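Next come the chains, spelled out residue by residue.
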Amino acid sequence: MADSDYESVLCVRPEVHVYRIPPRASNRGYRAADWKLDQPAWTGRLRITAKGKVAYIKLEDKNTGELFAQAPVEQHPGIAVEAVTDSSRYFVIRIEDGNGRHAFIGIGFVDRGDSFDFNLALQEHFKWVKKESEIASQPLDTGPKLDLGFKEGQTIKINIGGIVDFGELK
């Protein structure tokens, strides 16, 4: 079974808010203060999963688990996840629909600890990906094999103290 055949869950956050965001005005980055934070477009659960080297941010309904949106993350930091410039609780993610279309949306957490866990789960996954690729690129030790087997006709004698050989008692 290959590593990419199964999906592992990296992080689950029970409540996340989704916001429609205005286009980026400059190269400085997104600001959460521009998002109408009191009017989220959607509220649900966030799950980060990994399948192979790619992490997926999944926004799901709290009750039914139905998928609302998904953002594949192939590297972090990267274009798929970007922190806003004015808060540690808000991020911009690039969601995709599977048909090649994508959009940028804002996500926000009520608790700063949830945003920390979100960021840490992505960092740890990509640290693992980097480490695994380094291990795979190292050559295997192809030195001479150590032969510990008996040679033809070779014998050994084992003396175990306290055991009496009844053949010697006569």
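Analysis parameters
Residues numbered from 1 in each chain as written. Predicted model: local features only at pLDDT ≥ 70, side-chain atom pairs only at ≥ 80, totals over all residues. Heavy atoms only, no water. Helix = DSSP H or I, 4+ residues; strand = E, 2+ residues; numbered from the N terminus. Buried < 20%, exposed > 50% of the residue type's maximum accessible area, 1.4 Å probe, protein only. Contact = heavy atoms within 4.5 Å. Phe/Tyr/Trp six-rings, centres within 6.5 Å; stacked < 30°, edge-to-face > 60°. Salt bridge = Lys/Arg side-chain N within 4 Å of Asp/Glu carboxyl O. 1 Å grid on protein atoms, 1.4 Å probe; cavity = no way out; pocket = protein on both sides within 12 Å on 5 of 7 lines; lining within 4 Å. Points joined across faces, edges and corners; volume = space filled by probe spheres on them. Nonpolar A, V, L, I, M, F, W, Y, C, P; charged D, E, K, R; others polar. Polar contact = N/O pair within 3.5 Å; in protein donor to acceptor, adjacent residues only side chain to side chain.

Novice: So, the overall build of the chain: which residues are in play, and what are the values?
Specialist: Looking only at helices and strands, one finds 1 helix and 7 strands in the chain. Oriented by its inertia axes, the alpha-carbon framework of the chain measures out at about 100 × 35 × 30 Å. Scored against the burial criterion, the 170 residues of the chain give a buried share of 31%. Taking contacts inside the chain between residues at least 6 apart in sequence as the whole, the part at least 24 apart equals 55%.

Novice: Let's hear about the packing of aromatic side chains: which residues, and what values?
Specialist: Given two aromatic rings, their pairing is described by the distance between the two centres and the angle made by the two planes. Here the structure, examined in full by the defined rule, presents 7 aromatic pairs. Pairing Trp 42 with Phe 68 gives two aromatic rings, centres 4.3 Å apart and planes at 5°, and the pair type is stacked. Of the two residues, Trp 42 sits in strand β2 (residues 42-51) while Phe 68 sits in strand β4 (residues 67-73), which places them 26 residues apart along the sequence. Among the residues examined, Phe 68 registers a relative accessible area of 42% and is labelled partly exposed. Put simply, the rings of Tyr 19, Trp 35 and Tyr 90 pair up and form one aromatic cluster.

Novice: Which residues make up the pattern of salt bridges, and what values go with them?
Specialist: Summed over all chains, the structure comprises 9 salt bridges. Between Asp 34 and Arg 31 there is a salt bridge, with its nearest N and O atoms 3.9 Å apart. The class of Arg 31 is partly exposed, set by a relative accessible area of 40%. We note a salt bridge from Arg 94 to Glu 96, for which the minimum N-O separation is 2.9 Å. On the accessibility criterion, Glu 96 (36% relative accessible area) is partly exposed. Ionic contacts of the salt-bridge type, sharing partners, join the residues Arg 13, Asp 114 and Asp 117 into one network.

Novice: Pulling in residues and values, what's your account of the layout of surface pockets?
Specialist: Roughly 180 Å³ of internal volume is contained in the largest pocket. Forming the walls of the largest pocket are Pro 22, Pro 23, Arg 24, Ala 25, Ser 26, Arg 28, Gly 29, Tyr 30, Arg 31, Asp 34, Trp 35 and Thr 85. Here the residues of the lining of the largest pocket are counted per class, giving 5 nonpolar, 3 polar and 4 charged.

Novice: Describe the side chain of Lys 58, with residues and values.
Specialist: Among the secondary structure elements, Lys 58 is positioned in strand β3 (residues 54-60). For Lys 58, the side chain forms a polar contact with the side chain of Glu 7, separated by 3.0 Å. Leave out the neighbours within four places in its chain, and Lys 58 touches Glu 7, Arg 45, Leu 46, Arg 47, Thr 49, Leu 67, Ala 69 and Gln 70.

Novice: Lay out the environment of Thr 155 in plain terms, naming residues and giving numbers.
Specialist: Counting through the fold element by element, Thr 155 comes out in the segment after α1 (112-137). Here Thr 155 falls in the exposed class, since its relative accessible area comes to 68%. Along the sequence, Thr 155 and His 102 sit 53 residues apart, while their C-alpha atoms lie 73 Å from each other.

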